[in-house]
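# Examination of the molecular architecture
Spelled out, the chains give:
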Amino acid sequence: MKKYTATQKIGLALVLMIVGVTLVGLFYTPYDPNKMNGLSKNMAPCLEHPFGTDNFGRDILSRVMDGAKTTFIIASATVLIGAVVGTIIGAITGYFGGVVDECLMRFNDVVASIPSILLALLVVSILGVGKYKIIVALGIIFIPSFARVTRSEFVAQRQLDYVKNARLMGASHLRIIFLHIMPNTLPILLPSLAIGFNNAVLAEASMSYLGLGVQPPDPSLGRMLSDAQSFLMTAPWYCLAPGFTIILTVLGFSLLVER
Amino acid sequence: MKYLMKKTITLILTLLTVTFLTFIAFEVIPGDSATLSLGTDATPEQIEALREQLGYNKPVLVRYKDWLCDAVKGDFGTSMNYNLPVGQLIKERLPVTITLAVLSILLTVVCAVPLGIVTTRKEHSRAEGIHQFFIHLGMAIPPFFLGILITFIFGLTLRWFVPGTELSFSENPSQFIYYMIYPAIAVAVPKVAMMTKFLRSSIKRQLGLDYVRTAYSKGGTNRHVMYRHVLKNALIPVITFFAMIVAEVFAGSIVVEQVFNLPGLGRLLVTAIGNRDYPIVQAIVLYIAALVILMNFIVDVLYQYIDPRVKAE
């Protein structure tokens, strides 16, 4: 077992905390996240409502737990799409090389030159808004980065002796790609999964903040922040819980995978 | 010269691909603007006539060529929602976005370079973990949340600025720039963290090289070695990274404009997506992408003057 640095330990603690609270949120929230209560509008944090209540009297803690769930599901699905498709494209083009590889990488450079949120907005404006559409939109824009990482690893690995040996022993190309080289790319791939997850959380939050992501009544951290902004004068604490949930999640994952 | 030629050809190919992508993306949407603008009551003949008039019946490549030729001249068609030329709508909003981007980039460079140098000096020190923590914290803050916090702290509590004021550059330049500093901070903080991180690793890589040992053995002080020798080499890779920062700054400003209610391209884009006003979306995506691609090109060209090794390759 390798030793963890202090920053990695902090990261691990943050990740465990956030993931733990979100898992609890799947089965139990202190209040019904969507239940409105006219008597407890815009309440400041207190014992019954640790993060206060919003403009409809809904408990912010329960809503953050529920919103974090939505955000994490979207981010995971996004990374899954990006990683699976990107890895396969990167693996095949990196392993075989040639004209297709060259063309795809040029295309990759082009896509990389467009700011990712702009690309996501472009896809959303074509598909329309909604939970599943944002997964598709973000999933598509995450493909190139995974393809790039995997490809560069495959280019480096394909000339190593163990690949030649496997070839001599009669292993097929597909077997070499997925059973021999792929496991060796994991040390690079796993951190980029975490980074991808972080970027997806931030992107989803931005899109939902702009009103182009998750639609109400589904709670989402970005959407909550956009609502909170209108009540900055009367209920400044509203924005803190969703905002810091995003920050702590992203911070946790990025500290955890920091070398 | 050969290097410049190669880069120019790449530039043109990249621009062509981006324009084609943005064009074709809106071709796959079911229903065209003829059906949209006439509504459901229109007879098939009316739709057909308008389609003919708008040129929808020509082959895709011909229309791409026409659209591209118009776009180069700055004509992006007419907005369906505002009933104004898209080019004019963009021109009105461009100064806001450009000011915000330039301010953010300036802030990023002014903060990140000293931070990168200062925090790398003492290696293996106890402060290392703390530096790392704060860099990651900076990268974890979503710009729009920072914008909300800034609005609350500096706008509503300290009253240093009035959130939501509408200012224009031509009427009151100094006030306008002062107001823009706040959104620029919100955009810049995550980028400062990113760039500091990159610069630190770049400096660290240089510190392990032989010439640094030589410089020290010739009696150079820490300061001398850092500023005279290491920094020159360490900043070179940062220049390529800078092009990425530019793209990120534009992405960040799209969202932050919304927070501070700035009448820039970002807000126009978000409204246009809500209204399904495709010519505007198309034009803005193209505008920002072209800006970023051009910046990349300029950086690439500058690069060979700064680092002659690039030309030799």
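Residues numbered from 1 in each chain as written. Chains lettered and ligands numbered in written order. Predicted model: local features only at pLDDT ≥ 70, side-chain atom pairs only at ≥ 80, totals over all residues. Heavy atoms only, no water.

## Focus: the overall build of chain B
A count of helical and extended segments in chain B gives 13 helices and 0 strands. When each of the 313 residues of chain B is scored for burial, the buried share is 46%. Restricting the contact set of chain B to residue pairs at least 6 apart, pairs at least 24 apart contribute 74%. For chain B, the accessible area works out to roughly 16,200 Å², and carbon and sulfur atoms hold 64% of it. (Helix = DSSP H or I, 4+ residues; strand = E, 2+ residues; numbered from the N terminus. Buried < 20%, exposed > 50% of the residue type's maximum accessible area, 1.4 Å probe, protein only. Contact = heavy atoms within 4.5 Å. Areas by Shrake-Rupley, 256 points an atom, 1.4 Å probe, with all protein chains shown as cover.)

## Some thoughts on the overall build of chain A
Secondary structure summary: chain A contains 9 helices and 0 strands in total. Helices and strands appear in chain A in the N-to-C order α-α-α-α-α-α-α-α-α. In terms of overall dimensions, chain A has a C-alpha envelope of 75 × 45 × 25 Å along the principal axes. Here chain A, with 259 residues, has 52% of them falling under the buried criterion. Long-range pairs, those at least 24 residues apart, make up 70% of the contacts in chain A with a sequence separation of at least 6. Computed over 19 positive and 14 negative side-chain charges, the separation of the two mean positions in chain A equals 6 Å. (Lys, Arg positive; Asp, Glu negative; His and termini not counted. Charge placed at Lys NZ, Arg CZ, Asp CG, Glu CD.)

## Comments concerning the interface of chain B and chain A
On the chain A side, the residues contacting the 44 residues of chain B number 36 residues. Where chain B abuts chain A, roughly 3,700 Å² becomes buried across the two surfaces, and 83% of that area is made up of carbon and sulfur atoms. Linking chain B to chain A there are 0 salt bridges. Here chain B and chain A share 3 residue pairs in polar contact (both at pLDDT 80 or more) between them. (Buried area = accessible area lost by both parts, 1.4 Å probe. Salt bridge = Lys/Arg side-chain N within 4 Å of Asp/Glu carboxyl O. Polar contact = N/O pair within 3.5 Å; in protein donor to acceptor, adjacent residues only side chain to side chain.)

## Concerning the packing of helix 8 (residues 173-207) of chain B against helix 10 (residues 222-259) of chain B
Residue and element names in this part refer to chain B. As a packed pair, helix 8 and helix 10 sit with axes 8 Å apart at the nearest point and diverge in direction by 150°. One element, helix 8, and the other, helix 10, form an angle in the roughly antiparallel class. The two elements helix 8 and helix 10 meet at a crossing, and its hand is right-handed. (Axes fitted to C-alpha atoms, helices over the stretch in contact; angles between N-to-C directions. Parallel < 35°, antiparallel > 145°, perpendicular 65-115°, else oblique. Left-handed = near helix turned anticlockwise from the far one by under 90°.)

## Regarding the confidence of the model for chain B
All names here are of chain B. Across chain B, the average pLDDT comes to 82, with 89% of residues at 70 or higher. The secondary structure element of chain B with the lowest average pLDDT is helix 2 (residues 33-38), at 60, and the one with the highest is helix 9 (residues 210-217), at 90. Here the predicted complex scores 0.87 on pTM and 0.86 on ipTM. (pLDDT = per-residue confidence, 0-100.)

## Topic: the side chain of A:Thr78
For A:Thr78, the location among the structural elements is in helix 2 (residues 60-96). Sequence-distant contacts of A:Thr78, that is, excluding residues within four places in its chain, are made with A:Ile135, A:Leu138, A:Gly139, A:Phe142 and A:Ala200.

## A word on the pattern of salt bridges
Residues and elements named next belong to chain B. For the structure on display, the rule yields 7 salt bridges over all chains. When the shortest N-O distance is used, the salt bridge between Arg93 and Glu92 registers 3.4 Å. Exposure remark for Arg93: the relative accessible area of 18% places this residue in the buried category. The exposure class of Glu92 is partly exposed, given its relative accessible area of 45%.

## Section: helix 7 (residues 143-157) of chain B
Residues and elements named next belong to chain B. With 15 residues, helix 7 extends 20 Å from end C-alpha to end C-alpha; this agrees with the ideal 21 Å at 1.5 Å per step. Along helix 7, the sharpest change in direction is near 25° and occurs at Thr151. The buried fraction of helix 7 amounts to 11 of the 15 residues, a majority that puts the element mostly inside the structure. Along helix 7, the positions that sit buried rather than exposed are Pro143, Phe144, Phe145, Leu146, Gly147, Ile148, Leu149, Ile150, Thr151, Gly155 and Leu156. Backbone geometry just downstream of helix 7 places Arg159 in the positive-phi region, at approximately 55°. (Expected span 1.5 Å × (residues − 1). Bend = angle between axes of the 7 residues up to and from the residue.)

## Some remarks on unusual backbone geometry
Residue and element names in this part refer to chain B. Positive phi, normally seen in glycine, also occurs at Arg159, with a value near 55°. Arg159 sits in the exposed class, given a relative accessible area of 62%. The phi dihedral of Asn261 falls on the positive side, at around 60°, and the residue is not glycine. With respect to the element layout, Asn261 can be found in the loop between helix 10 and helix 11 (265-275). Judged by its relative accessible area of 33%, Asn261 is partly exposed.

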